[in-house]
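Given next are the chains, with one letter for each unit.
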Amino acid sequence: MNGQYLIPANTKRGQLIFSIFRPIDLYIAIGGGVTTVLLFFIIDPDSTLSVAITLLPLLVCAFLVIPIPNYHNIMCVLGNIYRFYFKEKQEFIWKGWCAKNEFKE
């Protein structure tokens, strides 16, 4: 093709585990599962509240790594929200084709 290469739209998926998860996603999901199993051994879940407390780490971790459209997963959405609202904002001065030289230093 004369040195021209076409990159497919799903090239990023080839770098992911099971075409969905990053390594950090699996670490978080496995950590939530291990914590839940340990809580089942430590806490005797005899009431609905204790079962909910015991399952809470697994449910939170599973919620964070759920894939969603237009983003990778919920963690990426929360990270973008944090960066947008709580990090220092950068100011970009756009200089169009009819801009004056008042911003030049």
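Refer to the structure above for everything that follows.
Attention here is on the structure that accompanies the text. Residue numbers run consecutively from 1 along every chain, following the written order of its sequence. Whole-chain, interface and lining totals are the exception, using all residues; otherwise, since this is a predicted model, local features are given only for residues with pLDDT of at least 70 and side-chain atom pairs are given and counted only at 80 or more. Only heavy atoms go into the side-chain values, all of them from the structure, while hydrogens and water stay out.

1. Focus on the packing of helix 1 (residues 23-42) against helix 2 (residues 48-64)
Item 1. Packing of helix 1 against helix 2 leaves a shortest axis separation of 8 Å and a crossing angle of 175°. Relative to helix 2, the element helix 1 is oriented roughly antiparallel. Packed against helix 1, whose contacting residues are Ile28, Ala29, Gly32, Gly33, Thr35, Thr36, Leu39 and Phe40, the element helix 2 presents Ile53, Thr54, Leu55, Pro57, Leu58 and Cys61 at the interface.
Item 2. Looking at the contact of helix 1 with helix 2, its residues break down into nine nonpolar, five polar and no charged. Axis lines are fitted to C-alpha atoms, over the contacting stretch for helices. Their N-to-C directions set the angle, which ranges from 0 to 180 degrees. By the criteria applied, helices consist of DSSP H or I runs no shorter than four residues and strands consist of E runs no shorter than two, each listed in order from the N terminus. Angle categories are assigned with fixed cut-offs, so that under 35 degrees is roughly parallel, over 145 is roughly antiparallel, 65 to 115 is roughly perpendicular, and the rest are oblique. In this description, contact between two residues means that some pair of their heavy atoms is separated by no more than 4.5 Å. The residue classification treats Ala, Val, Leu, Ile, Met, Phe, Trp, Tyr, Cys and Pro as nonpolar and Asp, Glu, Lys and Arg as charged. All others, Gly included, are polar.

2. Comments concerning helix 2
Item 1. Here the expected length of a helix is defined as 1.5 Å per residue gap, with one fewer gap than residues. When the terminal C-alpha atoms of helix 2 are compared, their 23 Å separation across 17 residues agrees well with the 24 Å that a helix rising 1.5 Å per residue should span.
Item 2. Consider a residue and the seven residues that end there alongside the seven that start there; fitting an axis to each set, the bend is the angle between those axes. Taking the largest bend as the criterion, helix 2 deviates by roughly 45°, centred on leucine 56, and proline proline 57 comes between one and four positions later.
Item 3. Where helix 2 is buried, its residues meet helix 1 and helix 3 (74-86).

3. Let's talk about helix 1
Item 1. Taking 1.5 Å per residue as the helical rise, helix 1 with its 20 residues ought to reach 28 Å, and the 28 Å between its terminal C-alpha atoms agrees with that figure.
Item 2. When we look at burial in helix 1, the residues that qualify are Asp25, Gly32 and Thr36. Down the axis of helix 1, the smallest arc covering the buried residues is 35°, so these residues share one side. Pointing more than 90 degrees away from the buried face of helix 1 are the exposed residues Tyr27, Ile30, Phe41 and Ile42. Burial classes follow relative accessibility: with a 1.4 Å probe on protein chains only, a residue under 20% of its type's maximum area counts as buried, one over 50% as exposed, and anything between as partly exposed. Note that the arc is defined by the directions from the helix axis to the C-beta atoms.

4. Brief notes about the side chain of threonine 36
Item 1. Of note, threonine 36 is situated in helix 1.
Item 2. Polar contact is the term for a pair of N or O atoms within 3.5 Å; when the atoms are in protein, one must be able to donate a hydrogen and the other to accept it, and sequence-neighboring residues count only if both atoms are side-chain atoms. Among the polar contacts made by the side chain of threonine 36, one reaches the main-chain carbonyl oxygen of glycine 32 at a distance of 2.8 Å.
Item 3. Not counting residues up to four positions away in its chain, the partners in contact with threonine 36 are Thr54, Leu55, Pro57 and Leu58.

5. Quick look at the pattern of salt bridges
Item 1. When a carboxyl oxygen of Asp or Glu is within 4 Å of a side-chain nitrogen of Lys or Arg, the pair counts as a salt bridge. Counted by the stated rule, this structure contains one salt bridge.
Item 2. The salt bridge involving aspartate 25 is made with arginine 22; its shortest N-O contact spans 3.1 Å.
Item 3. Judged by relative accessible area, which is 0%, aspartate 25 ranks as buried.

6. Quick look at the environment of alanine 62
Item 1. With respect to the helices and strands, the residue alanine 62 is situated in helix 2.
Item 2. Residue alanine 62 is classed as partly exposed on the basis of its relative accessible area, which comes to 37%.
Item 3. Sequence-wise, alanine 62 and leucine 26 are 36 residues apart; in three dimensions their C-alpha atoms are separated by 9.8 Å.

7. Things to note about a nonpolar patch on the surface
Item 1. The patches reported here contain residues having more than 30% relative accessible area and no salt bridge. Joining distances are 9 Å for like charges and 5 Å for nonpolar side chains (Val, Leu, Ile, Met, Phe, Trp, Tyr). Working definition of accessibility: Shrake-Rupley area with a 1.4 Å probe, residue cover restricted to the visible protein chains. Judged by side-chain polarity, Ile30, Val34, Val37, Leu38, Phe41 and Ile42 come together as a nonpolar surface patch covering roughly 660 Å² of accessible area.
Item 2. With respect to the helices and strands, valine 34 occurs in helix 1.

Any functional reading would require information that these geometric values do not contain.
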